[in-house]
Amino acid sequence: MEIRDHIETYLLEKKGWVKSAELVARFDVKDRALRAVGDSPGLCSTFAISGDQGFKHIANATTREWLRFKHRMIKHAIAEFTRLRKLSDRRANVTKHQKSTFQYEQDTGQGILL
């Protein structure tokens, strides 16, 4: 049985919120290992929700707790996509200058008529 399975069993048995410090101490893992980092899921990512109160297994979460977590994740995702769209729009307008007065679009290399 992997550490992930032990943590899941522990959260299921506890029923309520469990502080990350408690999980860190009990399972001798780093706090950051519990949460996703970049593209790598955390130890609790596939079975628990997290918040100010710690971690809670999704099977033990109330509808209100689940919806609060879900909507927080959706808001974060929308904010990231909005940022990406704005950066992409700005990037599309980036040009690079050659020694001549002719300008090129940075990514495609197409010439720009002024």
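Look up a bit, the structure's there.
Definitions and cut-offs
Residue numbers here run from 1 along each chain, matching the order of that chain's written sequence. The predicted origin of the model limits local features to residues at a pLDDT of at least 70 and limits the giving and counting of side-chain atom pairs to 80 or more, whereas totals for whole chains, interfaces and linings rest on all residues. In computing side-chain values, all of the structure's heavy atoms are included and hydrogens and water are not. Take a side-chain nitrogen of Lys or Arg and a carboxyl oxygen of Asp or Glu: if they are within 4 Å of each other, that pair is a salt bridge. Exposure is judged per residue with a 1.4 Å probe applied to protein chains only, and the accessible area is read against the type maximum: over 50% gives exposed, under 20% gives buried, and values in between give partly exposed. Like charges within 9 Å and nonpolar side chains (Val, Leu, Ile, Met, Phe, Trp, Tyr) within 5 Å are joined into patches, using only residues over 30% in relative accessible area that form no salt bridge. The protein chains shown are the only cover counted for residues, whose accessible areas, like all others here, come from Shrake-Rupley with a 1.4 Å probe. Segments assigned H or I by DSSP are reported as helices when at least four residues long, segments assigned E as strands when at least two residues long, and all are numbered from the N terminus. A pair of strands is treated as paired once DSSP finds two or more bridges between them.

*Asks:* Got a sec to walk through the pattern of salt bridges? Specific residues and values, please.
*Replies:* For the structure on display, the rule yields 4 salt bridges. Where D31 meets R35, a salt bridge forms, and the shortest distance between an N and an O atom there is 3.6 Å. Judged by its relative accessible area of 36%, D31 falls in the partly exposed class. Ionic pairing is found between E65 and K56, a salt bridge with its closest N-O pair at 2.7 Å.

*Asks:* I'd like a rundown of a nonpolar patch on the surface, residues and numbers included.
*Replies:* Together, I58, W66 and L67 line one region of the surface with nonpolar side chains, adding up to about 260 Å² of accessible area. Locating I58 in the fold gives a position in the loop between β2 (54-57) and α3 (63-92).

*Asks:* Account for unusual backbone geometry, with residues named and values stated.
*Replies:* In the Ramachandran plot, K15 falls in the positive-phi region, its phi being about 70 degrees despite a non-glycine side chain. Among the structural elements, K15 can be located in the loop between α1 (3-14) and α2 (20-27). Located in the positive-phi region is D28, a residue other than glycine, with phi close to 50 degrees. Of note, D28 is situated in the loop between α2 and β1 (48-51). For D28, a relative accessible area of 70% puts it in the exposed group.

*Asks:* So what about the pairing of β1? Which residues, and what values?
*Replies:* In terms of strand pairing, β1 meets β2 through 4 bridges, oriented antiparallel. Residue pairing across strands places S50 opposite F55, the latter belonging to β2. Taking the residues between adjacent antiparallel strands as the criterion, β1 and β2 are bridged by 2 residues.

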